[in-house]
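# Commentary on secondary and tertiary structure
Below, each chain spelled out in residue letters.
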Amino acid sequence: MTVVARAPAKINVLLAVGPLRSDGFHELRTVYLAVGLHDTVTAGPGEGLALTVSGEGAGGEVPVDGRNLVWRAAELLAAHAGVRADATLHVDKSIPAAAGLAGGSADAAAALVALDALWGTRAARSDLLELAARLGSDVPFSLLGGVALGTGRGEQLAPVLTDRTWHWVLGIAGEGLSTPAVYAELDRLRAAGRVPDGTQLLPAEPVLAALRSGPPSALAAALGNDLQAPALGLRPELRRALRAATDAGAVGALVSGSGPTVAALAEDERSAVTLAATLAGEGVFRTVRAASGPVPGARLIS
Ligand code: ATP
């Protein structure tokens, strides 16, 4: 028996970062949107764990051992359910690694769903969400999908209403950016007084109102990401990438999560296709993908 699960990439349409907490994490207020760019995880019988990876980042930055979140998800679920961690796992990646799109988190969420089915462990949804939070701050959202407000480290989720499908173009610029390095740069900019210190978190209400009733220009005006300044500090060429997106007709654009992906919002599906074609022809981005959302979180597809 083999099972296949898939999970989506996310964009943070709002990412407000509070000051550094004593536990080393930052307090977040974020609005996640799951978009239609998916990784798949195939799980079959095995003795012990074996993992292979294909697609984006394979043979490079995506590890195939205990450092991979899929491997850690397997060990965690097995320990929780009291079963042996026996499985042959394959991850096929369409979500670029270290791009601010939560690719690793998507894989971990898909692995939890696939292995729960393979092993017949029938974990409660609340238990899966709790295991997900132990794997990483974005993993619970990768399970849930849709649109959600995240607080705490981003792992405490509340669903958000939206009245439409939002059409985006994702431009992946250059090499991956390390999330801890971007947070460290934010702390440095704050210590130097170059950006606000984060004690007043950006409000979520303008983004939530725009998601509820549009139009795209209202969402574009409400987009915000405290990690954009440090990502631009580490990757100055991202400034040109953001400008290229708006010059090419995006209603708004921001760096997704810790970057370096630029998420460009289009007016509608047709404009997204045109925007993607224009940006792909400009050579600013390594990869350009149209992706719309919200879409569901991790689930079995066979
Ligand atoms: P986030 O938006 O959640 O901060 P990200 O999308 O920027 O994350 P990921 O694609 O999750 O980044 O990868 C970050 C790092 O995690 C990679 O550089 C890699 O070393 C490690 N990693 C572990 N497991 C995976 C996986 N399954 N896919 C990709 N990277 C993984």
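All of the points below concern the structure found in this document. (Residues numbered from 1 in each chain as written. Predicted model: local features only at pLDDT ≥ 70, side-chain atom pairs only at ≥ 80, totals over all residues. Heavy atoms only, no water.)

### A closer look at the nonpolar core
Using the following cut-off: Among buried residues, the Ala, Val, Leu, Ile, Met, Phe, Trp, Tyr and Cys ones that are joined through side-chain atoms within 4.5 Å form a nonpolar core. Summary of the burial criterion: residues with accessible area below 20% of their type's maximum are buried, those above 50% are exposed, and those between are partly exposed, where the area comes from a 1.4 Å probe applied to protein chains only. The numbering of helices and of strands both runs from the N terminus, where a helix is a DSSP run of H or I of at least 4 residues and a strand a run of E of at least 2. The domain limits used here are those given by an automatic or database domain assignment. Contact definition: two residues touch when any of their heavy atoms are within 4.5 Å.
If you look at the biggest cluster of nonpolar residues, it comprises 70 residues, and the most contacted ones within it are V13, V31, L89, L115, W168, L211 and L219. The element contributing the most residues to this core is helix α2 (residues 103-119), with eleven residues. Each of domain 1 (3-160) and domain 2 (166-293) accounts for three or more of the residues forming this core. Once residues lying within four places of it in the same chain are set aside, the contact partners of V31 are I11, N12, V13, L14, V147, A148, L149, V207, L208 and L211. Core analysis: the next-biggest nonpolar cluster, separate from the first, contains 29 residues, L15, L28, L186 and A264 among them.

### Some details on the pattern of salt bridges
Rules: Salt bridge, as used here: a side-chain nitrogen of Lys or Arg that lies within 4 Å of a carboxyl oxygen of Asp or Glu.
For the structure on display, the rule yields twelve salt bridges. Ionic contacts of the salt-bridge type, sharing partners, join the residues R21, D23 and E27 into one network.

### Overview of helix α3 (residues 125-135)
Quick reminder: α-helices carry 3.6 residues per turn. Residues three or four places apart thus point the same way. Those residues of α3 not exposed but buried are L128, L131, A132, A133 and L135. Elements in contact with the buried residues of α3: α1 (69-81), α2 and α4 (139-144).

### Remarks on the site of the ligand
Put simply, the test is: The near set for a molecule or strand comprises every residue that places at least one heavy atom within 4 Å of it. Under the rule applied, a polar contact is a pair of N or O atoms within 3.5 Å (in protein, one hydrogen donor and one hydrogen acceptor; residues adjacent in sequence only if both atoms are side-chain atoms). Only the protein chains shown count as cover for residues, and the accessible areas themselves come from Shrake-Rupley with a 1.4 Å probe. Only protein atoms enter the 1 Å grid, on which a cavity is a set of points fitting a 1.4 Å probe that cannot get out and a pocket is an open set with protein on both sides within 12 Å along at least 5 of 7 lines, lining residues being those with an atom within 4 Å of a point. For a molecule to be placed in a cavity or pocket, more than half of its atoms must lie within 2 Å of the grid points of that cavity or pocket.
Around the ligand there are 21 residues in total, and G100, A102, G104, D107 and D138 lie nearest to it. At 3.4 Å from an oxygen atom of the ligand is found a main-chain nitrogen or oxygen belonging to G103. Between G104 and the ligand, the recorded distance is 2.9 Å, taken from a backbone N or O atom to an oxygen atom. Surface burial for the ligand is 80%, taken as the share of its 610 Å² of free accessible area covered by protein chains. Applying the majority rule of atoms within 2 Å of the grid points places the ligand in the largest pocket. The element contributing the most residues to the shell around the ligand is α2, with four residues.

Such coordinate-based values are descriptive only and should not be taken to indicate function.
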